[in-house]
Amino acid sequence: MKGAWSLLHQWHFPAEFVAKRSCKFPAAFNSVAPLNLGKNVCFCAQMQTATYDIVNGSYVPTGDKEGNSKMKEKETLNVENVGAFQKLPMVMPSVDVLYSALRKAKKVSPTKGIANAAKRERNRGAKQLDTLMKELAVKLRTYTENFPSKKILHPYERSLVELTLGDGNYEQVLSRVDTLRKKVVSIGKEQASLCAKSMSKREAEQRLTEGMNKIEEIFSVEGKALDDLLNIAKTLRAMPVVDLETPTLCLVGAPNVGKSSLVRLLSTGKPEICNYPFTTRGILMGHITLSYQNFQVTDTPGLLRRHDDDRNNLEKLTLAVLSHLPTAVLYVHDLSGQCGTSPSDQFIIYNEIKERFGAHLWLDVVSKCDLLSDPPALFATEDGDSDSSELAKYRIMGPDGAIRVSVTTEAGINELKSKVHELLLTQATRIDKEKGHQETMNSPT
């Protein structure tokens, strides 16, 4: 019958058939001249052709149901804005979760009015085991449901999860927590059922003790999954929050070229400053206020000369920022020979990054200009005589238009601050244009 009514309106019948055959009148009426209904009569010309399915006792239009499921699927796959890590639930240590549930379970009393001691003890034991199971299961379900799926995270935060926690570890820990929940529910129901079937008061007490011990044992053994989730929440919640609508300056360069010193000079950020590579072990965020406007400054781990497949997770964090955030780039060069990366290697790294991320607004800075020597520094592995003209020029001056600065003598600092301000104002204009374009694309036509 599902598609019958949708076909009925296409069937046409002669008028005589409708008047004489579709109704059973007495024979006397058949002698009456047929009604003038026109050449043909069309049944159900305006009949609704929608089909329905029965869902939970209600009629649901098939098309609507399919449309709703597609809408729900689309909604669940909507990518969140940045800031999902700050919405993570506060996870309790597994020991605290267990003992909190045990305390609540042991306070449960038997149902009032049960005179028989054995029945009363059966009732109390089953209720306490059921309460313990529910207290643990609800808490675990709350955690797993409130940690977002990696699919809906902003691409930048998705990269942070993969590079900080390791690829697949986030999902694995959530899966272990959910597996623990299922085991607690299964064992809790089983033990509560056994306790409810006890034949005597003593047996009921034994069943209760055994059930409590089994649930406590499984939670103690596999509760490390919950502690791992707690550590994940702490790690992700400590990640710096980036406002996509606030202009951001990203400092990039080889390790130990002076990026962190410039961040401290330009912003409120206080990164660690030491004379060894990879001082910056994550993404560090600071803020600048210029002419009553707020801007963001981020310090990134240094990049070495190697293929992307060989990069460590710190270097990949830098590439994730450049790939997924609308930042302006302040690229820092150190030609003094003290950073540990030769000028020729920095030249190659710079050209590669500039080619890949040239769409970003860009400003070049040569740091430690007070330490520059004449002739330029050469590493033991380098041969200055074989330099190309571009590399030879780079050793002396850096890229075209680069600003020379020194944090020690403050040479070039005022010029740098002025250029950074101009760069961020340009970035703000670009963000506003992109936002307006996006609103126009999303507005109904």
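In case you missed it, the structure is sitting above this.
Residues numbered from 1 in each chain as written. Predicted model: local features only at pLDDT ≥ 70, side-chain atom pairs only at ≥ 80, totals over all residues. Heavy atoms only, no water.

Peer 1: Before we move on, can you summarise helix α8 (residues 201-222) with the specific residues and values?
Peer 2: Its 22 residues give α8 an end-to-end C-alpha distance of 32 Å, which sits within 8% of 32 Å, the value for a rise of 1.5 Å per residue. Regarding α8, the residues found buried are A204, L208, G211, M212, I215, I218 and F219. The buried side chains of α8 occupy one side of the element, clustering within an arc of 135° when seen end-on. Of the exposed residues in α8, those oriented more than 90 degrees away from the buried face are R202, E217, S220 and V221. (Helix = DSSP H or I, 4+ residues; strand = E, 2+ residues; numbered from the N terminus. Expected span 1.5 Å × (residues − 1). Buried < 20%, exposed > 50% of the residue type's maximum accessible area, 1.4 Å probe, protein only. Arc of directions from axis to C-beta.)

Peer 1: I'd like a description of the environment of I348, backed by residues and values.
Peer 2: With respect to the secondary-structure elements, I348 resides in helix α12 (residues 343-356). Residues I348 and L304, 44 residues apart in the sequence, show an inter-C-alpha distance of 9.8 Å.

Peer 1: Describe unusual backbone geometry, and please don't skip the residues or the numbers.
Peer 2: Residue K368 is not a glycine yet carries a positive backbone phi of 55°. Take K368: it is sitting in the loop between β9 (362-367) and α13 (389-397). Positive phi outside glycine occurs at E410, with the angle close to 65°. For E410, a relative accessible area of 56% translates into the label exposed.

Peer 1: Go over the packing of helix α5 (residues 117-146) against α8, please, and point to the residues and values.
Peer 2: Running from N to C, α5 and α8 cross one another at 10°; their axes reach a closest spacing of 7 Å. One way to sum up the angle between α5 and α8 is to call them roughly parallel. Contacts between α5 and α8 pair A117, A118, E121, R122, R124, G125, Q128, L129, L132, L136 and L140 from the former with K201, A204, E205, R207, L208, G211, M212, I215 and F219 from the latter. Residues of the contact of α5 with α8, tallied by class, amount to 11 nonpolar, 3 polar and 6 charged. (Axes fitted to C-alpha atoms, helices over the stretch in contact; angles between N-to-C directions. Parallel < 35°, antiparallel > 145°, perpendicular 65-115°, else oblique. Contact = heavy atoms within 4.5 Å. Nonpolar A, V, L, I, M, F, W, Y, C, P; charged D, E, K, R; others polar.)

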